Structures are given as C-alpha cells and as structure tokens.
Amino acid sequence: MLEANAATKPLTEPHPALSKYKVVDLDFIEKMEAVASAAVDKVRENAQEPEGKKPPLVFNATQLAGLCGKSPTSMARLLEKAQELRLPTGLPPEPKEKTPRRSFTHEEALQWIRAVNENYFKRPVGVPGCTITIGNFKGGVGKTIAATSLAQALTLMGYKVLCIDLDPQGSMTSLMDVDKLEVEDEQTILPLARSVNDEHYRDTLHESIQETYWPGLDLVAGSPSLFGAEFMLPMRQMNAHRLEPGFRFMEVLTRALDKGPRQEYDYIIIDTPPAISYVTLNAFWACDGILMPLPAEGLDLLSSTRFWSMFTTLARSALKGGGTPKVFSWLALVPSKVDHTKAYTQFNLEIMRNAYGANLLNAELPLSSAVSVGGTTLATVYDIQKYVGSAKTYQRARVAFDNLAAQVDYLTRTRKWGEDVKEPKPAFVQTGRKS
Ligand SMILES: Nc1ncnc2c1ncn2[C@@H]1O[C@H](COP(=O)(O)OP(=O)(O)OP(=O)(O)O)[C@@H](O)[C@H]1O
Ligand SMILES: [Mg+2]
C-alpha cells in the first residue's frame, strides 16, 4: 500500500543539492529548477567557448562558393576580382594551414551573396516582406528548430529577417543566444497586448526589436511573462466597447507589423507555443504563410487535422459581427523528425501525401543527431562549424533545412511577391540509415 505522503516525497536518490528537502514542496521545486538550469547552462557554456556566447561564423572560400551558388573555380575567379568589384577580400590564410584558403566573416559573406548569387532576390521598395507563422498545437514536433533554422537559412540567401518568439518557453530566444530570463517585457510583444490605458502599452514593435549575434537576423524575444498576454487580450476585448470600439484581439500583432516591420524585413518568422491561444491566433492572423512541421507519426497526423478544425472554428467565431476575412498567400506542411529506419515511416508519409496533397512540401526534415545535439548545446545546423560526428550526417541535416528554405522562398516569391521563378529541385544526401 502507498504511504499517505508518498506522492510528496522526493525521489529516492535526490540530487545532492536537494538532499535536505524532506517533501516535494514549492521550495524543493524552485531549488531543483536552479540546479537543473545551472547544469544545462554548463553544457551550453562548454559548447560555446569563450564566455558562453556563440562564436561568430567564419566561411572559407569553398563554403562561400556554396552560399553564392558558384562552383569553387568560378568563385576563385570572382575572388581575384574582389577589389575591382568592391567586395571584401577576406582574411589571408593562416601560415601553417595545409590547404591555404582565404576566410570571410559572416558579414563579408553576406555582402558577397547579395552581390553575386544569381538567386538573390532584392525585394522592391514598397513591396511588403513575407510573414510566416510556424505552428502546430502538438508539442515537440520541431517548430522552434524549423523556425530558427529557416530564419538563419533565409539570411544566408541574402534576406533581412525578423524572428518573433511568441512562446513563453523562449526556446527560439535561447537559440538566438539571448538569455530568456533577462528579457525585459518591453523586448517582447507584451506591450502590444496591454490595455490602451496602461502606461506601458505600445502599438508598434520598434522598441521591442533587438539585434542578435547572427548578422541579418533581429529578434522580438520570448519570455515567461508572455503568459500575461493570455489574460490581457481577452480583458481588453471585454472592455473594447468602452475604450476602443472595433478592437479585435487577434489583430494586435497584425497592426504592429503593418507599422514598419513588413517594409523593413524581407521575412518575419513567428514561432508559436504548442497551443491555440489568444497569442497564437494573433500570429496566424498576422501571417502570409503558415508552415506546420508534422512528424510522420499516426497520432501527430491525427492531431494535425484537429488543429485545422479548431483553428477555423475559433477564427470564424472571432470574426463574428464583421471584420476582414483572412486570406493567406500559402499554407504548407513539412514532414519533421522523419526516421526512415522505422518500418511505418514510408507508409505514414504516403498517408500525409494523400491527406495534404500539394500542401505537403517537397522537403523533409530527418530525425538527426546533428539536430538533437545542437538542441542541447543551443545550436542549429547553421551554427555548427565543425560537427563531431560523421560529415554525411551533418550534410544530410544541413541539406534538408536548405531544401526547406528554398521551398518556402519559392512559395513566397511566386505566391506573395508574384515572381516567375522555377521550383527548386530538392537536393538529397543518400544514406538510407538513421543518423
Ligand atoms: N530533426 C530533428 N532531429 C532530431 N531532433 C530534433 C529534430 N527536430 C527537433 N528535434 C529535437 O526535438 C525537441 C523538440 O524540438 P522543438 O523545440 O523544435 O519542438 P517544438 O515543436 O518547438 O516544441 P514545443 O512545442 O515545446 O515548442 C528538441 O530537443 C529538438 O532538439
Ligand atoms: Mg517550440
């Protein structure tokens, strides 16, 4: 028989730092959080020498050629003309290097990409950028990894990108090398949700945007205080008839993005929490493209269909009594965490293809240790400069995220920006095995 207080007893062998606690009370949980956070931070600091900050990326001439869509030979020819082209000449090779190659800082690489990559699209002045919301109310499907990697990949195509983290978990913020516990409310979307009578109320995001360690990528951070928005928005809607007639809670982010960011950024990537909430509805209302990462698993598939029915029901009820109907430029799903060693994966992928047809992207994110290792050390495949595992494993993951970005950019250029471009063919790295 269970002892009366069994449920409140700590684990039989508690962490040494927790041994003085006799029961699982709030003090115990607070201490456990502090100990666990310190352990996690340590992994991160060790992985990010020096000073626990992500190191700046450096690209060699071969990597630069890849980013510029050139063969190494034609890149070498272009590099010889760097001064004439008024482009960076890069750093000379280290004297002891086996294959002496020039290297380029991240900013220098972006200058080259924008100048010589034939696929680089310079968005005409006045044409708004594309806002993409990454959503799925199922947790752990790879939303944040997809959102952050996509944002980084788009910058490496030459675009200017803004990430908006709407998840109180703040995982995207952590991946952007910002400590979510040090994020001020003013650096999040919270001021947009406040009552118009609140002195901290804002209707723009300008004061919330911060630069990040990643050139070309800015951030509106996420933090635990975002939970507050889930109370503020319904309250504001209730008081709207008195204070701001015509107010619709789900248009708050839309209006803030209309006041600047859509003109200032080529892409705005919004990461959402695993829930349909007042804040997530804002993200869907504000976006041009919806991207849902979806694992090739039966239950995940099932819940994805429920997501759409819940989303449309809620959106329709929010629109009752008027309002502009919402039209999206595109909607896409991408198979995520795909593990081809599992017998039923292919079968489930076929069901997904039948279920979603052309809305299922021609890109696939593999379950990969190059992604999960990065998840622990707060690095995406784009942060990793030297992968400790097999080069093929890394390459396979990297190519998958490159494919995702290429497909998303194709949809945006054709459906939002009205460009006449060819659909990119997905690249493959064949291994046939889980890596
Ligand atoms: N392709 C992948 N291969 C291996 N691991 C992955 C892959 N994608 C995501 N993961 C891991 O799965 C976990 C969940 O990923 P992620 O945080 O991106 O999901 P999420 O949908 O944003 O979760 P949440 O709903 O909690 O916000 C992380 O530990 C991440 O490192
Ligand atoms: Mg997430």
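Coordinates for the structure precede this section.
Residues numbered from 1 in each chain as written. Chains lettered and ligands numbered in written order. Predicted model: local features only at pLDDT ≥ 70, side-chain atom pairs only at ≥ 80, totals over all residues. Heavy atoms only, no water.

Undergrad: Account for the pairing of strand 6 (residues 217-220), with residues named and values stated.
TA: Every second residue of strand 6 is oriented toward a common face, with Leu217 and Leu219 on one face and Asp218 and Val220 on the other, all of them buried. Sheet topology note: the strand 4 (residues 161-165)/strand 6 ladder contains four bridges and is parallel. Paired with cysteine 163 across the bridge in strand 6 is leucine 219. Pairing of strand 5 (residues 210-211) with strand 6 involves two bridges; the strand directions are antiparallel. If you follow glutamine 210 over to strand 6, its bridge partner there is leucine 219. Two successive antiparallel strands, strand 5 and strand 6, enclose a turn made up of five residues, where glycine 216 displays a positive phi of approximately 85°. (Buried < 20%, exposed > 50% of the residue type's maximum accessible area, 1.4 Å probe, protein only. Helix = DSSP H or I, 4+ residues; strand = E, 2+ residues; numbered from the N terminus. Pairing = 2+ DSSP bridges.)

Undergrad: Now, about helix 4 (residues 106-116): what can you tell me, with residues and values included?
TA: Among the residues of helix 4, those classed as buried are His106, Glu108, Ala109, Leu110, Trp112, Ile113 and Val116. Residues of helix 4 that are buried in the fold lie against strand 1 (58-60), helix 2 (61-67), helix 3 (72-80), strand 2 (103-105) and helix 5 (143-155). (Contact = heavy atoms within 4.5 Å.)

Undergrad: How would you explain the pattern of salt bridges if you had to name every residue and give the values?
TA: All chains considered together, the criterion is met by 15 salt bridges. With its nearest N and O atoms 2.7 Å apart, the salt bridge here joins aspartate 266 to arginine 123. Separated by 143 residues along the polypeptide, aspartate 266 in the loop between helix 10 (261-264) and strand 7 (267-271) and arginine 123 in the loop between helix 4 and strand 3 (130-134) bring together distant segments of the chain. Residue class for arginine 123 comes out buried when judged on its relative accessible area of 12%. Among the ionic pairs, glutamate 297 bridges to lysine 342, the shortest N-O distance being 3.2 Å. Taken together, the residues glutamate 297 in the loop between strand 8 (289-295) and helix 12 (298-319) and lysine 342 in the loop between strand 9 (330-336) and helix 13 (345-356) connect sequence positions 45 residues apart. Judged by relative accessible area, which is 25%, glutamate 297 ranks as partly exposed. (Salt bridge = Lys/Arg side-chain N within 4 Å of Asp/Glu carboxyl O.)

Undergrad: Which residues make up the site of ligand 1, and what are the values?
TA: Lining the immediate surroundings of ligand 1 are 17 residues, of which Lys143, Thr144, Ile145, Pro366 and Ser368 lie closest. Here serine 368 contributes a backbone N or O atom positioned 2.9 Å from a nitrogen atom of ligand 1. Considering ligand 1 on its own, with 630 Å² of exposed area, one finds that the protein chains cover 80% of that surface. Per-class residue counts for the shell around ligand 1 are six nonpolar, eight polar and three charged. (Near = heavy atom within 4 Å. Polar contact = N/O pair within 3.5 Å; in protein donor to acceptor, adjacent residues only side chain to side chain. Areas by Shrake-Rupley, 256 points an atom, 1.4 Å probe, with all protein chains shown as cover. Nonpolar A, V, L, I, M, F, W, Y, C, P; charged D, E, K, R; others polar.)

Undergrad: For a nonpolar patch on the surface, give the residues involved together with the corresponding values.
TA: A surface patch of nonpolar side chains, about 350 Å² in accessible area, is lined by Val24, Leu26, Ile29 and Met32. Checked against the element boundaries, leucine 26 lands in helix 1 (residues 26-47). The exposure class assigned to leucine 26 is exposed, which follows from its relative accessible area of 66%. (Patch = residues over 30% accessible without salt bridge, like charges linked within 9 Å, V, L, I, M, F, W, Y side chains within 5 Å.)

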